[in-house]
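# Results of the structural survey
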Amino acid sequence: MDIASISSGAAAPAGGNAAQRMHVRAFRGNKARLNRRHWVRDDMFATAFLNALSVVFPRGEAFMIEALHPWRDRTDGQLQRDIATFIEQEAAHSREHVGFNKAIIEAGYDIDALDRAIKQFVSFFSGCGEVTKLGATMCIEHLTAIVAAEILKNRKHLEGTDLELRKLWLWHAIEEVEHKAVAFDVWMFATREWSGVRRWFTRSALLLAVSISFFINRTRGQVELLNQDGLAKPNAWWLCIRKGFAKGAIGRNVMGPWLEFFRPGFHPNHIDDRELLVRGENMLAAIKLVTEGAAGDVVHTVPPLREKVTAPA
C-alpha cells in the first residue's frame with residue numbers, strides 16, 4: 001500500500017497546494033449477524049448509539065453522493081479524482097450498512113421510525129439548490145469524520161464486539177476520516193466567488209442547523225431502540241445524554257473538533273489524523289489476520305507531514 005494513499009492531507013481549497021490521496025478498499029463483509037442483541041459489550045446504550053447511526057447511513061450516503069456527483073465534471077485534476085473516490089467509498093459504505101441494518105431487524109428491532117426521520121431530513125435538503133446540498137454534505141461529513149476519528153482513537157468504543165462487526169466499523173471509520181475534506185473542498189470550489197465573511201457565516205450557520213438536527217434525530221433514534229429494549233422514553237432520553245457526554249464518552253470527546261469548524265480559516269486537515277489512519281489500518285489488518293488468515297497490507301509508518309493547508313474563511 002502506498003503510504004500517501006492513507007494520508008489525510010486533503011486536496012487544498014482554491015489556491016492551496018496540498019494534494020489528497022485516498023484509497024478505495026475492496027471491502028466485502030460477511031453477512032452481518034448480531035451474535036447478541038446488545039452486541040457492543042452487552043451495553044444497551046452503546047449498541048443503540050451505533051445501531052441508530054447505521055440506520056441513517058444508506059439514505060444519508062446516497063444523498064451525499066447525489067450532492068457531489070454534479071461537481072465531478074465541473075472540476076478537474078486532483079479534486080475531480082477525489083470526488084470520484086469519495087463516491088466509490090460512500091457507495092460501498094451504503095451497501096455494507098444495508099446488510100448491517102437487516103441484522104438489526106433480525107435481532108428484533110423495528111427501525112421504521114428511524115428510517116422515516118432520515119428520509120425527512122434528506123427530502124428537505126434534496127429540494128434545495130446545489131450549493132446548499134453541498135454545504136449540508138460538508139457539515140454531515142464533519143460530524144461523521146469526528147465521530148469516526150474518536151472510534152479510531154479510543155479502542156474502548158468497539159471493545160467486546162464480534163470481530164466481523166468490528167472490521168466493518170473500523171473500515172468505515174478509516175474511510176470517513178480519509179475523505180473528510182472532500183465535500184469541504186468542493187464547497188470551497190463552488191463558493192470561490194464568495195467573500196470570506198459570507199463563506200464563514202454560511203458554513204457556520206449550516207453546521208449549527210445540521211448539528212441540532214443530527215443530535216435530536218440520532219438521540220431520538222437511540223431512545224426509540226432503547227424503548228424497544230424496555231426502557232421508558234423519558235428515562236432513555238436522560239440516560240442517553242448523561243452517558244453520551246460523560247467523561248470519555250463520544251459526545252464529550254468530539255466537542256473540541258466540532259467547535260474547530262467555526263474558526264475562521266478552518267480546513268478539515270488542520271485536525272491532523274494521520275496517525276489515526278495508520279492505527280486504524282493496522283487494527284483492521286490484525287482483525288483480518290484472525291478472521292481471514294491474511295493481514296493484507298500493513299502500514300508501519302506515519303505518512304510524512306505535508307505543508308499545512310491554509311483555507312480562506
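Residues numbered from 1 in each chain as written. Predicted model: local features only at pLDDT ≥ 70, side-chain atom pairs only at ≥ 80, totals over all residues. Heavy atoms only, no water.

### Thoughts on the overall build of the chain
Helix and strand counts for the chain come out as 11 helices and zero strands. Written out in order from the N terminus, the α and β elements of the chain read α-α-α-α-α-α-α-α-α-α-α. Taken across its 313 residues, the chain has 53% of its residues classed as buried. When contacts within the chain are restricted to residue pairs at least 6 apart in sequence, those whose partners lie at least 24 apart make up 79%. As presented, the chain carries roughly 13,800 Å² of accessible surface, and 55% of it is formed by carbon and sulfur atoms. (Helix = DSSP H or I, 4+ residues; strand = E, 2+ residues; numbered from the N terminus. Buried < 20%, exposed > 50% of the residue type's maximum accessible area, 1.4 Å probe, protein only. Contact = heavy atoms within 4.5 Å. Areas by Shrake-Rupley, 256 points an atom, 1.4 Å probe, with all protein chains shown as cover.)

### Here's the deal with empty space enclosed by the protein
All told, the structure shown has one cavity of 30 Å³ or more when counted by the stated rule. Size it by volume and the largest cavity reaches roughly 330 Å³. Lining the largest cavity are 24 residues, with V56, F57, I140, T144 and F214 positioned closest to its centre. Of all elements in the fold, only α1 (44-68), α3 (112-126), α4 (130-153), α5 (163-178) and α7 (196-228) reach the threshold of two or more residues within the lining of the largest cavity. Classifying every residue of the lining of the largest cavity gives 16 nonpolar, five polar and three charged. (1 Å grid on protein atoms, 1.4 Å probe; cavity = no way out; pocket = protein on both sides within 12 Å on 5 of 7 lines; lining within 4 Å. Points joined across faces, edges and corners; volume = space filled by probe spheres on them. Nonpolar A, V, L, I, M, F, W, Y, C, P; charged D, E, K, R; others polar.)

### Observations regarding the confidence of the model for the chain
Chain-level statistics for the chain give a pLDDT mean of 87 and a share of 87% at 70 or above. Counted against residues more than four places away or in other chains, residues 1-20, with its pLDDT under 50, gives 70 contacts. Across residues 304-310 the pLDDT falls below 50, and counting only partners more than four positions away or on other chains, this stretch makes 21 contacts in the model. (pLDDT = per-residue confidence, 0-100.)

### Overview of the pattern of salt bridges
Counted according to the given criterion, the structure contains 15 salt bridges. For E178, the salt bridge is made with R25, and the minimal N-O distance between the two is 2.9 Å. Of this pair, E178 sits in helix α5 while R25 sits in the segment before α1, placing them 153 residues apart in sequence. R25 serves as the salt-bridge partner of E281, at 2.6 Å between the closest nitrogen and oxygen. Here R25 lies in the segment before α1 and E281 lies in helix α11 (residues 274-292), a separation of 256 residues in the sequence. For the pair E281 and R25, one class covers both residues: buried. Each of R25, E175, E178 and E281 takes part in a single network of salt bridges with overlapping partners. (Salt bridge = Lys/Arg side-chain N within 4 Å of Asp/Glu carboxyl O.)

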